[in-house]
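Architecture and fold: a report
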Amino acid sequence: ELAGRIQAAGDDADWRRGELVWGLLPVRGTRWGAYAELVTLDAALVAPRPPSLSAVQAASLPLTGATSVQLLDRLDPKPGEWVLVHGAAGGVGSLFVQLARARGVRVVASASAQREPLLRELGVEVFLDRHAGQVAERACRAIGQELDMVADLVGYGTLAASLPMVREGGRAGSIVELAGDLEPAVDRNITLDGVLVRPSRAVLEVLAAAVADGSLRPVVDQVLELADAAVAHRRVESRRGQGKVVLRVAR
């Protein structure tokens, strides 16, 4: 994911030098990525940068925001339904929560205890410390019913452990590996989706509209220089951050 200025465009591209844009490269099949001063990509994979966002804020949104939009579309929530979000304070989670709330979804968030203030601010109704265990069971007790949906942004069998707490005919989605016993999804007629983001200008425009109407705001954990990319990766791998780590590239 990236944010910057157009330096040059092909003859068939509807872009002019100097325009502010943000973009998202395909997760698979991308050789070099965006850790660079200059990036070449398909003109259809960039969109005008939302004017209210700084370059750092804009760079923090495309991958996690597009993932959140596409996961929500798969879950197809109805206003008033309950979703349990595992990893709710992370890069995807902090945006997924906001977009879900904008659709009228009621959110149970699972994260480390120190992330509760942030998640309450983002509209979470029920917060659960993930370190206390039995998250899905505690979620059901807190809301007084079975879950309509579960969104797994963590992995390590988290989704499988939650399926018995999802109602008959409910939905579940994961952006990480599918591990553990998934048989309850069959037994309870749960729709189970795995989501790997597909970049497009259209999904960037969805995010821009959410930023413009105030239903989505960036959550930036740290801003580091490109030379500190290894530090950034260690921060992400520690799973202790909230929101996104952004690399700033000077040119």
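I will try to describe carefully the structure that is included in this document. The residue numbering used here restarts from 1 in each chain and proceeds along that chain's sequence as written. Where local features are concerned, this predicted model is filtered to residues with pLDDT of at least 70; where side-chain atom pairs are given and counted, the filter is 80 or more; whole-chain, interface and lining totals use all residues. To get the side-chain values, all heavy atoms of the structure are used, and hydrogens and water are removed first.

Following DSSP output, two strands are said to pair if at least two bridges run between them. Helix and strand assignments come from DSSP, with helices taken as H or I runs of at least 4 residues and strands as E runs of at least 2, each series counted from the N terminus. The 6 strands are arranged E6-E5-E4-E7-E8-E9 in an open sheet whose pairing can be described as parallel. The sheet is open, and its two edges are formed by strand E6 (126–129) and strand E9 (191–194), each paired on a single side. Pairwise comparison of adjacent strand axes, ignoring direction, gives a mean angle of 15° for this sheet. Bridge count for strand E4 (residues 82–86) against strand E5 (residues 106–111) is 5 bridges, and the pairing is parallel. Along E5, the bridge assignment pairs Val83 with Val107. Contacts were defined at the residue level, with two residues in contact if any of their heavy atoms lie within 4.5 Å. Lines are fitted to the C-alpha atoms to define the axes, a helix being fitted only along its stretch in contact, and any angle between axes, read from their N-to-C directions, falls within 0 to 180 degrees. The sheet strands contacting helix H2 (residues 62–75) are strand E7 (147–152), strand E8 (166–174) and E9, and the helix crosses E8 at an angle near 160°.

Attention now goes to the environment of Arg5. Along the polypeptide, Arg5 turns up in strand E1 (residues 2–5). Put simply, Arg5 and Trp22 are 17 residues apart on the chain and 8.4 Å apart in space, counted from C-alpha to C-alpha. Sequence-distant contacts of Arg5, that is, excluding residues within four places in its chain, are made with Gly18, Glu19 and Leu20. In protein, a polar contact means a hydrogen-donor-capable atom and an acceptor-capable atom, both N or O and within 3.5 Å, with residues adjacent in sequence counting only if both atoms are side-chain atoms; elsewhere, any N or O pair within 3.5 Å suffices. Looking at Arg5, its side chain comes within polar contact range of the main-chain oxygen of Gly18, at 3.1 Å.

As a further point, take unusual backbone geometry. Non-glycine residue Asp76 carries a positive phi angle of around 50°. In this structure, Asp76 sits in the loop between H2 and E4. We call a residue buried when its accessible area falls under 20% of the maximum for its residue type, exposed when it is over 50%, and partly exposed in between, using a 1.4 Å probe and counting protein chains only. The exposure class assigned to Asp76 is partly exposed, which follows from its relative accessible area of 44%. Phi at Gln134 takes a positive value of approximately 45°, unusual for a residue other than glycine. Residue position: Gln134 is located in the loop between E6 and helix H5 (135–143).

Pairing is possible between side chains that carry opposite charge, provided their charged atoms lie close to one another. Should a side-chain nitrogen of Lys or Arg be within 4 Å of a carboxyl oxygen of Asp or Glu, the pair is scored as a salt bridge. Enumeration over the complete set of coordinates arrives at 15 salt bridges. Arg103 is the salt-bridge partner of Asp73, the closest N and O atoms lying 2.9 Å from each other. Taken together, the residues span a long stretch of sequence, with Asp73 in helix H2 and Arg103 in the loop between helix H3 (91–102) and E5 at a distance of 30 residues. Relative accessible area serves as the criterion here: at 46%, Asp73 is assigned to the partly exposed category. For Arg103, a relative accessible area of 32% corresponds to the partly exposed category. Across the pair Arg74 and Asp193 runs a salt bridge, and its minimum N-O distance is 3.4 Å. Pair noted here: Arg74 is in helix H2 and Asp193 is in strand E9, with a separation of 119 residues, a long-range link. Arg74 gets classed as partly exposed once you look at its relative accessible area, which sits at 44%.

Moving on, we get to the nonpolar core. We define the nonpolar core as a collection of buried residues of types Ala, Val, Leu, Ile, Met, Phe, Trp, Tyr and Cys that are connected through side-chain atoms lying within 4.5 Å of one another. Grouped together as the largest cluster of nonpolar side chains are 42 residues, with contacts concentrated most on Trp22, Val83, Phe96, Leu119 and Leu216. Sorting the residues of this core by element identifies H2, E4, H3, E5, helix H4 (116–121), E7 and helix H8 (201–212) as the ones contributing at least two each. Here this core gets 6 residues from one element, more than from any other, and that element is H3. In this structure, Leu84, Ala139, Val166 and Ala172 belong to the second largest nonpolar core, which totals 18 residues.

As a further point, take the packing of H2 against H8. For the pair H2 and H8, the least separation of the axes is 10 Å and the interaxial angle reads 95°. One finds that H2 runs roughly perpendicular with respect to H8. Across the interface between the two elements, Pro62, Gly65, Ala66, Val69 and Gln70 from H2 touch Val203, Leu204, Val206 and Leu207 from H8. The class makeup of the residues in the contact of H2 with H8 is 7 nonpolar, 2 polar and no charged. Angle categories: roughly parallel below 35 degrees, roughly antiparallel above 145, roughly perpendicular from 65 to 115, and oblique for all the rest. Side-chain classes follow a simple rule in which Ala, Val, Leu, Ile, Met, Phe, Trp, Tyr, Cys and Pro form the nonpolar group, Asp, Glu, Lys and Arg form the charged group, and the remainder, Gly included, forms the polar group.

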